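Reading the structure
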Amino acid sequence: SNETFEPASICATAARIIAPRIDKELTAIRGKKRAGAPLTNGERIYLESGLGGIRSEAARGFPSLLRGLEALESARNKGASYRDAALHSLLIIMLHCEDTNIVHRAGLEFWRDAYREAVGETIRAFDPLRPGTYEPLKKLNRFLIEKNASPGGAADLLACTLFAYRSNISDNTTGIPGQEVV
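Residues numbered from 1 in each chain as written. Predicted model: local features only at pLDDT ≥ 70, side-chain atom pairs only at ≥ 80, totals over all residues. Heavy atoms only, no water.

Here we come to the environment of His 96. The residue His 96 is located in helix α5 (residues 82-96) in this model. Sequence spacing of His 96 and Leu 65 is 31 residues, and the spatial spacing of their C-alpha atoms is 9.3 Å. Residues in contact with His 96, not counting those within four places in the same chain, are Ser 64, Arg 67 and Arg 116. (Helix = DSSP H or I, 4+ residues; strand = E, 2+ residues; numbered from the N terminus. Contact = heavy atoms within 4.5 Å.)

Here the focus is the pattern of salt bridges. Taken as a whole and judged by the stated rule, the model has 7 salt bridges. Of the charged contacts, one joins Arg 44 and Glu 48 as a salt bridge, the two residues approaching to 3.1 Å between their closest N and O atoms. Taken together, the residues Arg 44 and Glu 48, both in helix α2 (residues 41-49) and 4 residues apart, mark about one turn of the helix. Take Arg 44: its relative accessible area is 28%, and that puts it in the partly exposed class. Judged by its relative accessible area of 57%, Glu 48 is exposed. As a salt-bridge pair, Lys 139 and Glu 121 come within 3.0 Å of each other at their nearest N and O atoms. Of the two residues, Lys 139 sits in helix α8 (residues 135-146) while Glu 121 sits in helix α7 (residues 108-125), which places them 18 residues apart along the sequence. For Glu 121, a relative accessible area of 37% translates into the label partly exposed. (Salt bridge = Lys/Arg side-chain N within 4 Å of Asp/Glu carboxyl O. Buried < 20%, exposed > 50% of the residue type's maximum accessible area, 1.4 Å probe, protein only.)

Moving on to the packing of aromatic side chains. Considering all chains together, one arrives at 4 aromatic pairs under this definition. The cationic tip of Arg 116 hangs over the ring face of Trp 111; the distance from NZ or CZ to the ring centre is 4.2 Å. (Phe/Tyr/Trp six-rings, centres within 6.5 Å; stacked < 30°, edge-to-face > 60°. Lys NZ or Arg CZ within 6 Å of the ring centre and 35° of its normal.)

Orientation of helix α1 (residues 7-34) relative to α2, taken along the N-to-C sense of each, is 90°, at an axis distance of 10 Å. In terms of axis orientation, α1 runs roughly perpendicular to α2. Within the contact between the two elements, α1 uses Leu 26, Ile 29, Arg 30, Lys 32 and Lys 33 and α2 uses Glu 43, Tyr 46 and Leu 47. Here the residues of the contact of α1 with α2 sort into 4 nonpolar, no polar and 4 charged. (Axes fitted to C-alpha atoms, helices over the stretch in contact; angles between N-to-C directions. Parallel < 35°, antiparallel > 145°, perpendicular 65-115°, else oblique. Nonpolar A, V, L, I, M, F, W, Y, C, P; charged D, E, K, R; others polar.)

Turning our attention to the side chain of Arg 55. Relative to the elements of secondary structure, Arg 55 occurs in helix α3 (residues 53-59). Judged by relative accessible area, Arg 55 falls into the buried class, the value being 19%. In terms of polar contacts, Arg 55 uses its side chain to reach the side chain of Glu 25, at 2.4 Å. Sequence-distant contacts of Arg 55, defined by excluding residues within four places in its chain, comprise Ile 22, Glu 25, Leu 26, Ile 29, Gly 42 and Glu 43. (Polar contact = N/O pair within 3.5 Å; in protein donor to acceptor, adjacent residues only side chain to side chain.)

This next bit is on the nonpolar core. Formed by 40 residues in total, the largest nonpolar core has its most connected members in Leu 72, Leu 91, Met 94, Tyr 115, Leu 140 and Leu 144. Of all the secondary structure elements, the ones that give two or more residues to this core are α4 (63-77), α5, α6 (100-106), α7, α8 and α9 (152-168). Once you skip the residues sitting within four places of it in the chain, Met 94 turns out to touch Tyr 115, Val 119, Leu 140, Leu 144, Pro 151 and Ala 154. (Core = buried A, V, L, I, M, F, W, Y, C linked by side-chain atoms within 4.5 Å.)

The next point concerns α4. The terminal C-alpha atoms of α4 lie 21 Å apart, and with 15 residues this matches the ideal 21 Å at 1.5 Å per residue to within 8%. Of all the positions in α4, only Ser 64, Leu 65, Gly 68, Leu 69, Ala 71, Leu 72 and Ala 75 are classed as buried. Down the axis of α4, the buried side of the element spans an arc of 165°, and every buried residue falls inside it. Every exposed residue of α4 that faces more than 90 degrees away from the buried side is listed here: Glu 70 and Asn 77. Those residues of α4 that are buried lie in contact with α1, α3, α5 and α9. (Expected span 1.5 Å × (residues − 1). Arc of directions from axis to C-beta.)

Mapped onto the secondary structure, Glu 73 falls in helix α4. Using a relative accessible area of 25% as the deciding quantity, one classes Glu 73 as partly exposed. As a C-alpha pair, Glu 73 and Ala 86 span 13 residues in sequence and 9.2 Å in three-dimensional space. The contacts of Glu 73, once residues within four sequence positions are left out, are Tyr 165 and Asn 168.

This is how it looks when you write it as structure tokens:
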């Protein structure tokens, strides 16, 4: 096989493996509801809105992770600190992933509209190449706390993105948080 260990190739391979299982799982969720069995929050959201959350993300080859990784690498290549590049990556992931944790806590309409609008505004206002421009992030944080909305799905994808980044760079001794002046 000509498979490589590049993140995009790994994500595509994972999707090929998992997509058929996800289809079966989503079909089983519909059967679970008909049987009156208890549903998880993610299952309930899927049935109400069609959002598959992390299941859909995996079945599609982790597109939000790859977008986050592209944003992280781009910011790092332009000179951003690891922390600021990671914050930028988190915002990109937040904008693009189906975060069912947000939907569960604050509602589908909030996720579709106000949440994405606030995240987009923060992306435009936060410059990972200018250390100290954290006020837009603090504003977003206050807004999310006020709405009891926690982007847990995006945070999980960021952890995977950071792992992919660390696994993909040639010199694994640079860019580790805490080992640089920020």
